[in-house]
Amino acid sequence: MVSSRFRNITPSSTVSLNNLFNQMKKAGEDVISFAAGEPDPTTPMDVLEYAFERAKNGGTHYTPSSGIPELRKEISLKYSKMTNSDIKQENVIITPAKFALNLAIGSVTEEGDEILIQDPSFVSYHEMIKIAGGIPRYFPSLEDGSPNIEKLQENVTSKTRMIIINSPSNPNGWVATDKQLRAIADIATDHDLYILSDEIYEKIIFEGEHISILKYPGMSERTFVVNGFSKSHAMTGWRIGYLISPSSLSGYIDSYQQHTITCASSVSQYAALRALKNEDFPKHMNLMFKERRDILYDKLSRIEQLKLTKPKGTFYMFPRILNGLTGEELSDRLLKEKKILVTPGSQFGPSGKNSIRLSFALSKEDLLRGAERIIEFFESEKVISSSF
Ligand code: PMP
């Protein structure tokens with residue numbers, strides 16, 4: 001009989017939507033997906049070549065559980081520079097980003113502890129907290145998608161253990177400012193909380209700049225940073241990322257990794273080492289996504305029944321539906337009537353009930369064709385509702 005912890009896990013909707021998309025595509029249907037959670041280009045050639053060269057030369061064995069020292073060192077240097085502080089190599093562990101999130105949450109959560117997550121936020125946080133025996137609690141966002149700091153503060157109880165933040169944010173494209181991060185850091189310090197800062201979209205910013213909360217005084221003792229190569233270098237299939245932990249916890253986290261995945265894939269670690277040196281590729285993708293964001297925003301602005309907020313980062317837009325349809329209903333109908341795949345906003349938290357998430361990580365041609373179909377859908381809705 002399945003355990004209650006496993007039974008209570010809600011399957012990842014984004015993964016199942018992707019499966020559905022692939023099935024429809026395979027069946028020859030002209031379906032366009034705005035549901036992708038990954039960049040569409042292939043991993044850059046220099047990364048591929050370097051990784052395979054290392055593999056051909058014997059780099060196919062177990063590595064140290066925390067990762068190859070060269071990569072951990074490069075990451076500690078990167079974050080030392082970014083935060084203007086001394087981030088120690090010993091506190092960096094190489095692991096897939098999603099597993100890094102699980103490690104961070106699991107390492108400090110006792111049964112019944114509360115963890116605060118933004119409404120809306122990445123689908124998996126909620127389930128990861130439950131898996132660790134914790135209780136996910138949402139705090140609301142402001143109209144522009146940023147966290148409502150006042151409400152965040154009000155949601156802290158004696159059981160709160162951690163706050164998870166994600167800038168740039170999936171699904172609403174919020175990019176944190178210095179002022180917002182300082183306020184969150186102050187709450188964490190005042191209430192003795194951990195921060196989990198998911199920085200996986202660090203390289204995809206159109207307005208503003210990436211700031212890590214790790215840089216504020218005293219934060220290194222209470223902050224976990226998760227980052228990786230999936231979004232920056234189109235490396236989702238390599239399953240490679242990293243976790244920076246407070247030094248009091250990194251040893252325990254390493255032990256957990258030793259008894260679960262042993263170490264991250266050796267070949268992927270070499271690929272990551274090379275990717276860190278390739279700064280052109282993320283810049284190029286950033287420009288590409290910015291162009292697509294502007295096109296999509298421009299096109300969809302014509303739809304009166306959608307309230308758009310221009311995302312400052314990531315490759316997601318999170319419009320609210322103003323004609324009474326829920327996100328579930330709209331995504332269902334778009335798929336059936338227009339062969340358009342989008343993600344219902346409710347997957348990201350209760351406030352997303354009347355929203356959908358649109359990923360613009362698809363070719364410009366499909367983006368344009370897809371946007372036209374969405375416009376057509378709403379045009380015909382308008383005719384129907386005005387004929388009553
Ligand atoms: N965090 C966020 C906010 C994400 O959107 C994703 C991927 N969709 C991840 C973490 C996981 O990244 P990875 O696939 O590299 O494990």
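Treat the numbers as computed from the prediction; the structure is a model and nothing was measured.

(A) Representation of the site of the ligand. For the ligand, the set of nearby residues contains 13 residues, the closest of which are Asp 198, Tyr 201, Ser 230, Lys 231 and Arg 239. At a separation of 2.8 Å, a nitrogen atom of the ligand approaches a polar side-chain atom of Lys 231. Summarising the interface, the protein chains cover 92% of the accessible area of the ligand, which totals 400 Å² for the free molecule. Here the shell around the ligand takes three residues from helix H5 (residues 97-108), the largest share from any one element. A per-class count over the shell around the ligand returns six nonpolar, three polar and four charged.

(B) Quick peek at the domain arrangement of the chain. For the chain, the assigned domains are domain 1 (4-43 + 280-380) and domain 2 (61-275). Contacts between domain 1 and domain 2 engage 39 residues on the former and 36 residues on the latter. For the pair domain 1 and domain 2, the two sides together bury roughly 3000 Å², of which 55% comes from carbon and sulfur. The three residues of domain 1 that bury the most area against domain 2 are Lys 312, Thr 314 and Phe 348, which together make up 20% of that side's buried surface. Taken together, the links from domain 1 to domain 2 amount to four salt bridges. The partner of Glu 143 in a salt bridge is Arg 320, and the shortest N-O contact between them spans 3.4 Å. At the junction of domain 1 and domain 2, the tally comes to 19 residue pairs in polar contact (both at pLDDT 80 or more). Within the residue set of the side of domain 1 that touches domain 2, elements represented by two or more residues are helix H2 (13-26), helix H11 (280-300) and strand E10 (316-317). For the side of domain 1 that touches domain 2, the leading source of residues is H11, giving seven residues. Residue composition of the side of domain 1 that touches domain 2, grouped by class: 15 nonpolar, 16 polar and eight charged.

(C) Local environment of the packing of aromatic side chains. All chains considered together, the criterion is met by 13 aromatic pairs. Measuring from centroid to centroid gives 6.4 Å for Phe 99 and Tyr 256, while their planes differ by 35°, and the two rings are tilted. One end of the pair, Phe 99, is in helix H5; the other, Tyr 256, is in helix H9 (residues 250-259), and 157 residues separate them in sequence. Each ring, one from Phe 229 and one from Tyr 242, has its centre 5.9 Å from the other, and the planes form 55°; the classification is tilted. With a gap of 13 residues between them, Phe 229 in the loop between strand E7 (223-228) and strand E8 (241-244) and Tyr 242 in strand E8 connect regions that are remote in the sequence. Tyr 242 matches Phe 229 in its accessibility class, with the two residues each being buried. Among the aromatic residues, those joined into a cluster by ring pairs are Tyr 201, Phe 289, Phe 315 and Tyr 316. The ring of Tyr 297 carries the charged tip of Lys 310 above its face, separated from the ring centre by 4.9 Å.

(D) Highlighting the nonpolar core. Phe 34 and Phe 224 are the most contacted members of the largest nonpolar core, which totals 65 residues. Considering every element that reaches this core, the biggest residue donor is H5, with eight residues. If sequence neighbours within four positions are ignored, Phe 34 has contacts with Leu 296, Ile 340, Leu 341, Val 342, Arg 357, Leu 358, Ser 359, Leu 362, Leu 367, Gly 370, Ala 371 and Ile 374. In this structure, Leu 71, Ile 75, Tyr 79 and Ala 264 belong to the second largest nonpolar core, which totals 27 residues.

Rules used in this analysis
The written sequence of each chain sets the order in which its residues are numbered from 1. Predicted model: local features are reported for residues with pLDDT of at least 70 only, side-chain atom pairs are reported and counted for 80 or more only, and whole-chain, interface and lining totals are derived from all residues. Side-chain numbers here rest on the full set of heavy atoms in the structure, without hydrogens or water. Here a residue is considered near a molecule or strand provided that any single heavy atom belonging to it is located within 4 Å of it. Within 3.5 Å is the distance limit for a polar contact, defined as a pair of N or O atoms, with the added protein rule that one can donate a hydrogen and the other accept it, and that residues adjacent in sequence qualify only through two side-chain atoms. What sets the accessible areas is the Shrake-Rupley method with a 1.4 Å probe; for residues, cover comes only from the shown protein chains. Only DSSP runs of H or I reaching four residues or more are called helices, and only runs of E reaching two or more are called strands; each is numbered from the N terminus. For this scheme, ten residues count as nonpolar: Ala, Val, Leu, Ile, Met, Phe, Trp, Tyr, Cys and Pro. Four count as charged, namely Asp, Glu, Lys and Arg, and the remainder, Gly too, count as polar. Start and end positions for the domains come from either an automated domain assignment or a database one. Contacts are assigned to residue pairs that have any heavy atoms within 4.5 Å of one another. Note on terms: buried area is the combined drop in 1.4 Å-probe accessible area of two parts once they are placed together, counting the loss on both. Any Lys or Arg side-chain nitrogen located within 4 Å of an Asp or Glu carboxyl oxygen qualifies as a salt bridge. Two aromatic rings from Phe, Tyr or Trp, using only the six-membered ring of Trp, form a pair when their centres are within 6.5 Å; if the ring planes differ by under 30 degrees the pair is stacked, by over 60 it is edge-to-face, and anything between is tilted. Relative accessibility thresholds used throughout: buried, under 20% of the residue-type maximum; exposed, over 50%; partly exposed, between the two (1.4 Å probe, protein chains only). Put simply, a charge is over a ring when the Lys NZ or the Arg CZ is close to the ring centre, within 6 Å, and near the line of the ring normal, within 35 degrees. Residue types Ala, Val, Leu, Ile, Met, Phe, Trp, Tyr and Cys, when buried and joined through side-chain atoms within 4.5 Å, form a set referred to as a nonpolar core.

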